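Next come the chains, spelled out residue by residue.
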Amino acid sequence: MSNDKVSIVIPTYKRADKIVRALESCIKQDYRNIEIIVVDDNGNNSEFRDKTKSLVTPYVEKYGVRYIEHTENKGGAEARNTGIKEARGFFVSFLDDDDEILPNKISKQVKLYSDNKSKNVGLIYCYCEAVNEDGGHKKYYNNDFQLNPLYEQMLECIAGTSLWLSPKHILEEVGGFENTPSKQDTILLLKILAAGYNIFRVNEPLVKYYEYNTGKISGISVNNIKGERNARIFSRKYYYKLDSTNRILNVEYRFSKKLLTLYLLNGLNDLAKEELNTMIRINPYSQDTLKGILKYSLKNVYKKFIKNKSKQL
């Protein structure tokens with residue numbers, strides 16, 4: 001098995017209370033040739049900067065953690081790109097500041113890379129376990145797509161960044177993360193697959209992904225709209241790589257379905273109507289299309305229902 005250095009990049013923003021858990025999980029890796037890079041995206045003169053720095057400093061002094069400060073908040077994409085640029089390892093792995101990795105995460109992924117080194121590997125991912133804020137089990141995310149599932153990635157993101165391990169030169173070759181407010185992982189993985197690289201997965205949950213009851217339905221903001229639209233733009237760039245018109249239409253339908261809901265929940269009814277028309281044109285008799293017609297027809301009731309559901313969380 002390879003013993004190449006692995007750089008674990010932890011971008012952090014307004015989560016000083018979670019960063020120690022993430023750091024401890026990196027320190028406990030049974031693969032020893034690692035470096036840990038914390039990219040503090042809080043910006044200068046922030047209370048979160050002061051708190052984060054005070055918590056990370058002991059790890060800098062004891063374990064050699066590299067602590068990099070952004071002078072201003074630049075967003076998750078730029079924080080991860082800073083980590084890629086600064087990484088000294090052959091591999092780069094990412095960890096969100098509120099998640100944690102199991103002790104054998106890096107070693108299992110490096111081994112799988114080594115076993116498939118001749119197969120143009122662009123990225124290794126793994127299963128993950130979603131847990132509540134107390135660490136209790138909620139569900140597993142067990143995608144099994146391997147080789148070059150570009151079409152499947154267009155339909156739905158196969159793996160989030162905390163599940164990744166990738167050679168640094170490949171991340172740089174495809175241009176790193178796009179500066180978009182959401183769907184950063186979706187787009188970068190699209191770029192890796194579109195460049196012709198293969199992906200492989202460790203069929204074990206090696207990441208704990210924390211899902212919090214924050215009193216709101218997540219994923220329905222204007223930033224999520226921007227992310228979905230950018231993901232669609234990048235998917236369209238690579239349609240020529242798909243092997244059938246039906247697959248292209250399936251991807252278009254999937255984006256319209258998601259954007260219809262987001263537009264309705266943000267009061268963008270004219271844009272919602274455009275997406276609904278696309279759904280009707282592609283697949284008029286689908287159950288999802290009929291649901292979309294109902295949502296649009298009862299848009300005020302639907303929006304109120306979602307708000308009430310949010311309050312119950």
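What comes next is a walk through the structure. Along each chain, residues carry numbers from 1 onward, in the same order as the chain's sequence is written. With the structure being a predicted model, the display of local features is reserved for residues of pLDDT at least 70 and the display and counting of side-chain atom pairs for 80 or more, all residues being used for whole-chain, interface and lining totals. Where side-chain values are given, they derive from all heavy atoms of the structure, hydrogens and water being excluded.

To continue, consider the overall build of the protein chain. The way it works is that DSSP assigns letters per residue, a run of H or I at least four long becomes a helix, a run of E at least two long becomes a strand, and they are numbered from the N terminus. Helix and strand content of the protein chain: 12 helices and 9 strands. For the protein chain, the C-alpha atoms occupy an extent of roughly 60 × 45 × 35 Å along the three principal directions. Buried residues are those whose accessible area, probed at 1.4 Å on protein chains only, stays under 20% of the maximum for their type, while exposed residues exceed 50% and partly exposed ones sit between those limits. Across the 313 residues of the protein chain, 50% fall into the buried class. Whether two residues touch is decided by their heavy atoms; if any such pair falls within 4.5 Å, the residues are in contact. Taking all contacts inside the protein chain whose residues are at least 6 apart in sequence as the whole, residues at least 24 apart take part in 77%.

Looking at the secondary structure, you find lysine 105 in helix H4 (residues 105-115). Here the positive residues are Lys and Arg and the negative ones are Asp and Glu; neither His nor the chain ends is included. For this analysis, a salt bridge means a side-chain nitrogen from Lys or Arg found within 4 Å of a carboxyl oxygen belonging to Asp or Glu. Here lysine 105 sits buried without a salt bridge, and the closest side chain of opposite charge, aspartate 99, lies 10 Å off (N-O distance). Pairs of N or O atoms within 3.5 Å make up the polar contacts considered here, provided that, within protein, one atom can donate a hydrogen while the other can accept it, and that residues adjacent in sequence are counted only when both atoms are side-chain atoms. Polar contacts involving the side chain of lysine 105 include one to the side chain of glutamine 109, which spans 2.8 Å. When near neighbours in sequence (up to four residues on either side) are disregarded, lysine 105 contacts Gln29, Ser93, Cys126, Ser162, Leu163, Trp164, Leu206 and Val207.

At leucine 147, a residue that is not glycine, the phi angle is positive and equals roughly 65°. With respect to the element layout, leucine 147 can be found in the loop between strand E7 (137-141) and helix H5 (150-155). A relative accessible area of 46% means that leucine 147 is categorised as partly exposed.

Looking now at the environment of histidine 70. Within the secondary structure layout, histidine 70 lies in the loop between strand E3 (66-69) and helix H3 (76-86). Ignoring anything within four residues of it in the chain, the contact list for histidine 70 reads Val39, Asp40, Asp41, Gly43, Asn44, Arg49, Glu78, Ala79 and Thr82.

Pairing of aromatic rings covers Phe, Tyr and Trp, the last through its six-membered ring, and needs centres within 6.5 Å; plane angles under 30 degrees mean stacked, over 60 mean edge-to-face, and all others mean tilted. This model, assessed by the stated rule, comprises 8 aromatic pairs. Residues phenylalanine 90 and phenylalanine 91 carry aromatic rings whose centres are separated by 4.8 Å and whose planes lie at 90° to one another, so their mutual orientation is edge-to-face. Note on phenylalanine 90: relative accessible area 30%, which makes it partly exposed. An angle of 80° between the planes, with centres 6.2 Å apart, marks the rings of phenylalanine 94 and tryptophan 164 as edge-to-face. A residue pair is termed long-range when its members are at least 10 positions apart, and phenylalanine 94 in strand E4 (residues 91-94) and tryptophan 164 in the loop between H5 and strand E8 (165-167) qualify at 70 residues. Phenylalanine 94 gets classed as buried once you look at its relative accessible area, which sits at 0%.

Moving on to the nonpolar core. Among the nonpolar cores identified, the biggest contains 72 residues, and Val6, Ile8, Ile10, Leu23 and Trp164 are the most heavily contacted of them. Element by element, the count of residues in this core is highest for helix H7 (residues 184-194), at 7 residues. Excluding residues that lie within four positions of it along the chain, tryptophan 164 makes contacts with Val92, Ser93, Phe94, Lys105, Gln109, Leu123, Ile124, Ala159, Phe177, Asp185, Leu188 and Leu189. Listed in part, the 14 residues of the second largest apolar core include Leu262, Ala272, Met279 and Tyr302. Side-chain atoms within 4.5 Å link the members of a nonpolar core, which is a set of buried Ala, Val, Leu, Ile, Met, Phe, Trp, Tyr and Cys residues.

Let's shift gears to the side chain of lysine 191. Residue placement: lysine 191 occurs in helix H7. A residue is classified by how much of its surface remains accessible, and lysine 191, at 7% relative accessible area, is buried. At 3.1 Å, the side chain of lysine 191 and the backbone oxygen of valine 174 are in polar contact. With near-sequence residues (within four places) excluded, lysine 191 lies in contact with Val174, Gly175, Gly176, Glu178, Phe234 and Tyr238.

Before going further, it helps to spend a moment on the packing of H7 against helix H8 (residues 222-237). As a rule, the C-alpha atoms of each element are fitted with a line to give its axis, helices using only the stretch in contact, and angles between N-to-C directions run from 0 to 180 degrees. One can describe the packing of H7 onto H8 by two numbers: an axis separation of 9 Å at closest approach and a directional angle of 10°. The pairing of H7 with H8 is recorded here as roughly parallel in orientation. Across the interface between the two elements, Thr186, Ile187, Leu190 and Lys191 from H7 touch Asn230, Ala231, Phe234 and Ser235 from H8. Each residue gets one label: Ala, Val, Leu, Ile, Met, Phe, Trp, Tyr, Cys and Pro are nonpolar, Asp, Glu, Lys and Arg are charged, and the others, such as Gly, are polar. Here the residues of the contact of H7 with H8 sort into 4 nonpolar, 3 polar and 1 charged. An angle counts as roughly parallel when it lies under 35 degrees, as roughly antiparallel when it exceeds 145, as roughly perpendicular when it falls between 65 and 115, and as oblique in every other case.

Below, the discussion takes up the pairing of strand E2 (residues 34-40). Counted residue by residue, E2 has 7 buried out of 7 residues, so it is predominantly covered. A pair of strands is treated as paired once DSSP finds two or more bridges between them. Relative to E2, strand E1 (residues 6-12) is paired through 7 bridges, and the arrangement is parallel. The residue of E2 that forms the bridge with valine 9 is isoleucine 37. By convention a crossover is right-handed if, when the strands point away from the viewer, the path from the first strand over the helix to the second runs clockwise. Between the parallel pair E1 and E2, the chain is carried across by helix H1 (residues 16-27), and the sense of this crossover is right-handed.

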